[in-house]
Amino acid sequence: SPIASLKREMRNLSEECSLEPVTVSMAYVYFEKLVLQGKLNKQNRKLCAGACVLLAAKISSDLRKHEVKHLIDKLEERFRFNRRDLIGFEFTVLVALELALYLPENQVLPHYRRLTQQS
């Protein structure tokens, strides 16, 4: 399915950028929340995935400015969208998630376990 394929891309990109499995897990939870809210469509699903990775990286890592820029470059390249669209969409996703970026452990742990067992 397109959703599973996007999640695979999110994981691969996160590994390329040396993001921790917990960061990927958080991005998955954000992404799934958007799916369950019915916010995804064919036009925005890649932007949603990219924004989820970016938000998770910002909230769970102490990224430096050049690392954030590198991540945005990679997202733009992988998902083939414009960085300006991504930055704008980041706020849209933040609002859809009701600014709730800190997640309870029980939402993140299942993804984390799966990711760490796969690698």
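As the structure is a computational prediction, the values presented were derived from the model and not from experiment.

A. Just the nonpolar core, in detail. Met10, Tyr30, Leu71 and Leu75 are the most contacted members of the largest nonpolar core, which totals 39 residues. When residues of this core are traced back to their parent elements, those giving at least two are helix H1 (2-16), helix H2 (21-36), helix H3 (45-60), helix H4 (65-79), helix H5 (83-96) and helix H6 (105-118). Sequence-distant contacts of Leu71, that is, excluding residues within four places in its chain, are made with Leu13, Cys17, Leu19, Val53, Leu54, Ala57 and Leu63.

B. Here's a closer look at unusual backbone geometry. With a phi close to 55°, Glu98 is a non-glycine residue in the positive phi region. In this fold, Glu98 is placed in the loop between H5 and H6. Using a relative accessible area of 68% as the deciding quantity, one classes Glu98 as exposed. Residue Leu99 is not a glycine yet carries a positive backbone phi of 60°. Structurally, the position occupied by Leu99 is in the loop between H5 and H6. Judged by relative accessible area, which is 59%, Leu99 ranks as exposed.

Cut-offs applied
Residues numbered from 1 in each chain as written. Predicted model: local features only at pLDDT ≥ 70, side-chain atom pairs only at ≥ 80, totals over all residues. Heavy atoms only, no water. Core = buried A, V, L, I, M, F, W, Y, C linked by side-chain atoms within 4.5 Å. Buried < 20%, exposed > 50% of the residue type's maximum accessible area, 1.4 Å probe, protein only. Helix = DSSP H or I, 4+ residues; strand = E, 2+ residues; numbered from the N terminus. Contact = heavy atoms within 4.5 Å.

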